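The lines below spell out each chain.
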Amino acid sequence: MHQFLSGIQQVGIGVCNATKAMHTYKHLFGMDVLIFDDEAKASLMTQYTGNEVRKRRAILTMNLQGGGGFEIWQFQDRVPQKGIQVQLGHIGINATILKSHNILQSHNRLSKIEGLLVSKMEIGLDQKSFFYVTDSDDNIFKIIPSDNWFQKKEYDLGGVVGAVVGVRDMDKSLDFYKNILGIDTVLYDGVRVENNQKYHIIGLSKKATGKGAFNKLLGDVTLELVQILNTKAPKIYENRFWGDCGFIHLCFDVVAMDALKAHVIEQGLHFSVDSNNTFAMDNASGRFCYIEDPDGTLIELVETHKVPILKKVGWYLDLRKRNQEKPLPDWMIKMLALSKVK
């Protein structure tokens, strides 16, 4: 199978107050490393923002124990709209999946924080423990155990390893995520009945390949596809814009964008957005593209070109001048921790 993806780079979260969200997620989930904080116009995303160029602020924070980060996104010229109360199986990103190296500790710690709704511990179709956390903005996070880490510190949680995605046609969605994106290992496939709803749930994974500058940091990918079988599920972003409140996209780090684009075209699909050349985000840059899954859920694809290693002294790494598949040395990735969320 093709290996275009290096891991999950981030999940996009539309918020009303980016500064508040940045500090909240540092406190809750250890997202304490600041990769960029950028204010600009989202000029390439007009088809998803009412055919108007919108001003925005985007902040990327990460947890360097391993996994992807959060791209915290706020409109600057429009009041972000809140949507429906998301439930399992609604069409779009239902929840972001975070990993824990001590799930009991994570459950106990988060249960004590005011303003959070923390579910009871449950056993999934993979026979492993998990629980959900709903923050004060109604964003849902699924916490799962993991033994895949870039480094372990005292904090109980790592970064983003995947998402729970509501779909309308499981066969079409399974084909997309397996054959287009290459997330092709089936972890579990079953039916769950809860509160008079019947769900078809399939768990997919893609192990870290060792290829890509940040592959060791980003690690394994886990997706959970959920289809409601007995009712028609609403679409989370129906009549709202990309950038409105909630999970706006799931972003993958790409090793070879041209090759991935050719593969997508061969499969009869297309990128809905392609920056083509380098696009700057504060001190970072890269080529970014979007593709829609069969239900229109936005998948962002980023081929990183430049990353700040130590911004204070102007040390940046141009990844275009090195083998795209070669991982960065661990010490260099750890240098990112010098830029903290304050």
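Read on for an overview of the structure. Since this is a predicted model, take the numbers as computed values, not measurements. (Residues numbered from 1 in each chain as written. Predicted model: local features only at pLDDT ≥ 70, side-chain atom pairs only at ≥ 80, totals over all residues. Heavy atoms only, no water.)

**A short note on the overall build of the protein chain**
The condition is simple: For the purposes of this entry, the term helix denotes a DSSP run of H or I that reaches at least four residues, the term strand denotes a run of E that reaches at least two, and both are numbered from the N terminus. Using C-alpha atoms as the atom set, the radius of gyration is obtained and then compared with a globule rule of 2.2 Å times the number of residues to the power 0.38. Exposure is judged per residue with a 1.4 Å probe applied to protein chains only, and the accessible area is read against the type maximum: over 50% gives exposed, under 20% gives buried, and values in between give partly exposed. Per-residue accessibility takes into account occlusion by the displayed protein chains alone, with areas from the Shrake-Rupley method and a 1.4 Å probe. Only four residue types enter the charge count: Lys and Arg as positive, Asp and Glu as negative, with His and the chain ends excluded. To locate a charge, take NZ of a lysine, CZ of an arginine, CG of an aspartate or CD of a glutamate.
Along the protein chain, the regular secondary structure elements total 6 helices and 19 strands. Over its C-alpha atoms the protein chain spans a radius of gyration of 19 Å, differing by no more than 12% from the 20 Å that the globule rule assigns to 342 residues. Counting only C-alpha atoms, the protein chain reaches 55 × 45 × 45 Å along its principal axes. Counting all 342 residues of the protein chain, 58% fall into the buried class. When the accessible area of the protein chain is evaluated, it comes to approximately 14700 Å², of which 48% is carbon and sulfur surface. Of note, the protein chain has its 41 positive side-chain charges centred 5 Å away from the centre of its 39 negative side-chain charges.

**Some remarks on the pairing of strand E1 (residues 5-14)**
Note the threshold: Two strands qualify as a pair provided that DSSP identifies no fewer than 2 bridges between them.
Counting buried positions over the 10 residues of E1 gives 10, a clear majority of the element. Note: E1 against strand E14 (residues 246-254), 8 bridges, orientation antiparallel. From the neighbouring strand, Gln 10 faces E14, where its bridge partner is Cys 251. Pairing analysis gives 5 bridges linking E1 to strand E4 (residues 69-75), with the strands arranged parallel. Looking at the pairing, Gly 14 lines up with Trp 73 of E4.

**What to know about the environment of Asp 330**
Spelled out, the test is: Whether two residues are in contact is decided by their heavy atoms, any of which lying within 4.5 Å being enough.
Take Asp 330: it is sitting in helix H6 (residues 330-334). Residue Asp 330 is classed as partly exposed on the basis of its relative accessible area of 31%. For Asp 330 and Phe 214, which are 116 residues apart along the polypeptide, the C-alpha to C-alpha distance reads 9.4 Å. If we skip the residues at most four places from it in the chain, Asp 330 touches Phe 150 and Lys 216.

**Quick word on the nonpolar core**
Rules: Think of a nonpolar core as a cluster: buried Ala, Val, Leu, Ile, Met, Phe, Trp, Tyr and Cys residues, connected wherever their side-chain atoms sit within 4.5 Å.
Residues Phe 29, Phe 70, Leu 181, Phe 252 and Leu 301 are the most contacted members of the largest nonpolar core, which totals 57 residues. Ranked by residue count, the leading element in this core is helix H1 (residues 18-29), at 6 residues. Counting 37 residues, the second-largest nonpolar core is a separate cluster that includes Val 33, Tyr 48, Leu 217 and Ile 333.

**Digging into the packing of aromatic side chains**
Where we set the bar: Only the six-membered ring of Trp is used, alongside the rings of Phe and Tyr, when aromatic pairs are assigned; centres must lie within 6.5 Å, and planes under 30 degrees apart are stacked while those over 60 apart are edge-to-face, with the rest tilted. In this analysis the charged atom, NZ for Lys or CZ for Arg, is taken to sit over a ring once it is within 6 Å of the ring centre and within 35 degrees of the ring normal.
Per the counting criterion, the structure on display carries 13 aromatic pairs. For the ring pair Tyr 25 and Phe 141, a centre distance of 5.8 Å and an interplane angle of 65 degrees mean the geometry is edge-to-face. Of this pair, Tyr 25 sits in helix H1 while Phe 141 sits in strand E9 (residues 140-145); the two residues are 116 residues apart in sequence, bridging distant segments of the chain. Grouping aromatic residues by their ring pairs yields a cluster made of Tyr 25, Phe 29, Phe 70, Phe 141 and Phe 247. Across the ring face of Tyr 237, the terminal group of Arg 240 is positioned such that the distance to the ring centre comes to 4.1 Å.

**Focus on the side chain of Ser 173**
In this fold, Ser 173 is placed in helix H3 (residues 170-180). Among all residues touching Ser 173, those that are not within four sequence positions of it are Val 167, Leu 225, Pro 294 and Asp 295.

Fair warning: the whole summary comes from geometry, so function is off the table for now.
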